[in-house]
Amino acid sequence: AAPVEVAPPKKMSTARRVGLIVVGIAALFVVNAFAPAPLPQHFTVLVLSVVIGFFVIGKVHHALHTPLMSVTNAISGVIVVGAMLQITSPLPIVQVLAAIAVLLASINIFGGFAVTRRMLAMFTLGNSAKGGRK
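Residues numbered from 1 in each chain as written. Predicted model: local features only at pLDDT ≥ 70, side-chain atom pairs only at ≥ 80, totals over all residues. Heavy atoms only, no water.

1. Some remarks on a nonpolar patch on the surface
Together, Leu91, Ile93, Val96, Leu97, Ile100, Leu103, Leu104 and Ile107 make up an exposed nonpolar region whose accessible area comes to about 780 Å². Along the chain, leucine 91 falls in the loop between α3 (65-86) and α4 (92-122). (Patch = residues over 30% accessible without salt bridge, like charges linked within 9 Å, V, L, I, M, F, W, Y side chains within 5 Å. Areas by Shrake-Rupley, 256 points an atom, 1.4 Å probe, with all protein chains shown as cover. Salt bridge = Lys/Arg side-chain N within 4 Å of Asp/Glu carboxyl O. Helix = DSSP H or I, 4+ residues; strand = E, 2+ residues; numbered from the N terminus.)

Here you go:
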């Protein structure tokens, strides 16, 4: 059979990338300029944590993904605790959003433990030769 040629993914031009960054910064400025008092502070913390988290996780060596999964499980645990505190809110929309946060963070924790278990099982002595779990 003839090899199938796969086109390499097109890279975004520098001008377009800079343009999107400028539009994003302008949108963040507009949101912060017209938002109520506590929102800009919380939004700034969110944006900074996303940027820092992206660069930290993006530079992690593959051998360190198990400890990194433990950190994400801890962060998801904090999200679950915070969302459980918000479930008792008198506002129905807050209750719904808190329930969704508990559900999604719990799924993330379960998946993190499952991935961690599988990764640690790869390093268990004799486990890989038998092809199964102990």
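2. Digging into the confidence of the model for the protein chain
Of the residues in the protein chain, 85% have a pLDDT of 70 or more, and the chain-wide mean is 81. Ranking the elements of the protein chain by mean pLDDT puts helix α5 (residues 127-130) last with 52 and helix α1 (residues 14-34) first with 90. (pLDDT = per-residue confidence, 0-100.)

3. Focus: the side chain of serine 76
By the element assignment, serine 76 lies in helix α3. Looking at serine 76, the relative accessible area reads 4%, which means it is buried. One polar contact links serine 76 to asparagine 108, side chain to side chain, over a distance of 2.7 Å. (Buried < 20%, exposed > 50% of the residue type's maximum accessible area, 1.4 Å probe, protein only. Polar contact = N/O pair within 3.5 Å; in protein donor to acceptor, adjacent residues only side chain to side chain.)

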